[in-house]
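Residue-level listing of the chains:
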Amino acid sequence: MPFTMTDPRPIAFFDMQAQQRLIRAEIDRRVAAVLDSGRFVQGPEVEELEIQLAAFAGAQHCVGVSSGTDALQIAMMAEGIGRGDAVFLPAFTYTATAEVPLVLGATPVFVDVDPATFNIDLADLEHRIALVEKEGRLRPRAVVGVDLYGLPADWPAIRALCAAKGMFTLDDAAQAFGGSLDNRRLGVHADATALSFYPTKTLGCYGDGGALLTDSAERADLYRSLRTHGEGKTRYEVLRTGMNGRLDTIQAAILLAKLPLLEGELVARNRTAAIYGHRLAGRVGVPAVPAGSVSAWGIYSILLQDAAQRAAVQAAMQNAGVPSAIYYPRPLHRQPAYAQHHAGAIAGGPPPLPVSEDLCQRVLSLPMHGYLDESQAARVCDAVLSGL
Ligand SMILES: *Cc1c(COP(=O)(O)O)cnc(C)c1O
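This section reports on the structure supplied with the text. (Residues numbered from 1 in each chain as written. Predicted model: local features only at pLDDT ≥ 70, side-chain atom pairs only at ≥ 80, totals over all residues. Heavy atoms only, no water.)

## Things to note about the nonpolar core
Where we set the bar: Take the buried residues of types Ala, Val, Leu, Ile, Met, Phe, Trp, Tyr and Cys, join any two whose side-chain atoms come within 4.5 Å, and each joined set is a nonpolar core. Burial status follows relative accessibility: with a 1.4 Å probe on protein chains alone, a residue under 20% of its type maximum counts as buried, one over 50% as exposed, and anything between as partly exposed. By the criteria applied, helices consist of DSSP H or I runs no shorter than four residues and strands consist of E runs no shorter than two, each listed in order from the N terminus. The domain boundaries here were taken from an automatic or database domain assignment. The contact rule is simple, with two residues in contact once any of their heavy atoms fall within 4.5 Å.
Counting 48 residues, the largest nonpolar core has Leu53, Phe88, Leu125 and Phe177 as the members making the most contacts within it. Of all elements in the fold, only helix H2 (44–57), strand E2 (85–90), strand E3 (107–111), helix H5 (122–135), helix H6 (155–165), strand E9 (210–214) and helix H8 (249–280) reach the threshold of two or more residues within this core. Shared between two domains, this core holds at least three residues of each, these being domain 1 (21–259) and domain 2 (261–386). Not counting chain neighbours up to four residues away, the residues in contact with phenylalanine 177 comprise Leu53, Phe56, Ala57, Leu195, Thr202, Leu203, Leu213, Leu262, Leu266 and Ala296. One finds Val65, Leu170, Ala192 and Leu212 within the second-largest nonpolar core, a separate group that totals 31 residues.

The following block contains the structure:
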């Protein structure tokens, strides 16, 4: 390496610090207000945030909850999903999506993903619903579509299929808040939409947090009840089995300080994605964004030829001081915790999930956040290309 007088600025995979520097005073002010008020649980900041999030997404209702995982759980509890129910979800996603139906006693049915969008494959979904129907042991109850890496799933098609079968649609938009489909933000495309505010998500707090968006007033009421132990109109009336699933007031205050930056950060993420796409297309697989979709670019993943090429690129990036990550190295049906449930979900053994298995060998995620400049994005691309 030639000696340079100035070290290039280090590149973070996710960058929470650059953002914090911009709004630290506002965060301090907001947190101090909560400390002064002493209303640490269900303080007014929670409702203030819910109103702003609903407006941002164009949804009728927003209910703040304790995490993205709890958002998924509360949404399924509200539908009464449990024993004997089949919940269809992609095999290529984060573990939380599959864990929730199992916690509730329901059976996850893993569905393969589309090789171009990495989101749930509609033909395979239809096929697996038909297999479950034919067997007659489990009731097809819900589809959890994941907007993987920030790209909206094919919601019009998922909805049409579920409407015909009376199934509940749940959008796991944990990686995708801010993304849109046909000029409407995520939050309105399924019966309910789950958000995560884990620190590295497109809108993240400084701990755990989440929310549910829905256009149904009945569902929103149920979500409010379920997040507070199933309470009724008065505090010590318990109407149903619920959980402690509330969003902390301090996290809501932090999110209120961060939300005004989101729009600009989404623009910056899209700019970085455009640079990556322009420099890397033709050399590696780059994400396809279908017409009508805008990705939130929660994660940016390229596709290499095989595991060996991926290892070489990862090593070259590491040498160049550029971080990378693999989301995800293993499809969920191959996880020790889920393999048996997968095998038992469909009699005679479920059909294979070749696309999910293949992607796990070949995907590689590059640095992505709202504070990467053009020269940093160029350095990321140089590092990738140096490993080919
Ligand atoms: C992060 C994530 C979740 C879980 O969110 P938490 O807030 O960490 O509970 C669920 N699904 C997907 C796809 C995620 O990326």
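What follows continues from the structure just given.
## Focus on empty space enclosed by the protein
Applicable threshold: Here a cavity denotes grid points, spaced 1 Å and computed from the protein atoms alone, that fit a 1.4 Å probe unable to get out, and a pocket denotes an open set having protein on both sides within 12 Å along at least 5 of 7 lines; residues with an atom within 4 Å of a point are the lining. Grid points are joined across faces, edges and corners, and a volume is the space filled by probe spheres set on the points. Here the term charged refers only to Asp, Glu, Lys and Arg, the term nonpolar to Ala, Val, Leu, Ile, Met, Phe, Trp, Tyr, Cys and Pro, and the term polar to all other amino acids, Gly among them.
Counting across every chain of the model gives one cavity of 30 Å³ or more. Estimates place the volume of the largest cavity at around 120 Å³. Lining the largest cavity are 17 residues, with Asp15, Gln19, Pro199, Lys201 and Arg269 sitting closest to its centre. Take the lining of the largest cavity: its biggest share by element is three residues, from H8. Its residues assigned to classes, the lining of the largest cavity shows six nonpolar, six polar and five charged. Summarising the domain contributions, the lining of the largest cavity has at least three residues from each of domain 1 (21–259) and domain 2 (261–386).

## Let's talk about the state of the cysteines
Inclusion rule: In this description, a disulfide is simply a cysteine sulfur pair whose atoms lie within 2.5 Å.
Tallied over the entire structure, the rule returns zero disulfides. Cysteine 205 takes part in no disulfide bond, and the closest cysteine sulfur to it belongs to cysteine 62, at a distance of 13 Å.

## Structural notes on the layout of surface pockets
Estimated volume of the largest pocket: approximately 580 Å³. Residue lining of the largest pocket: 23 residues in total, with Gln42, Arg224, Thr228, Glu231 and Gly232 positioned closest to the centre. For the lining of the largest pocket, the leading source of residues is helix H7 (residues 217–227), giving five residues. The residue makeup of the lining of the largest pocket, split by class, is seven nonpolar, six polar and 10 charged. The space that makes up the second largest pocket amounts to roughly 450 Å³. As for the second largest pocket, its lining consists of 24 residues, of which Tyr94, Ala174, Ser196, Tyr198 and Lys201 are closest to the centre. Of all the elements in the fold, those that place two or more residues in the lining of the second largest pocket are helix H3 (68–78) and helix H4 (96–103). Per element, the largest residue contribution to the lining of the second largest pocket is three residues, and it comes from H3. Here the lining of the second largest pocket is composed, by residue class, of 10 nonpolar, 11 polar and three charged. Split by domain, the residues of the lining of the second largest pocket number at least three in each of domain 1 (21–259) and domain 2 (261–386).

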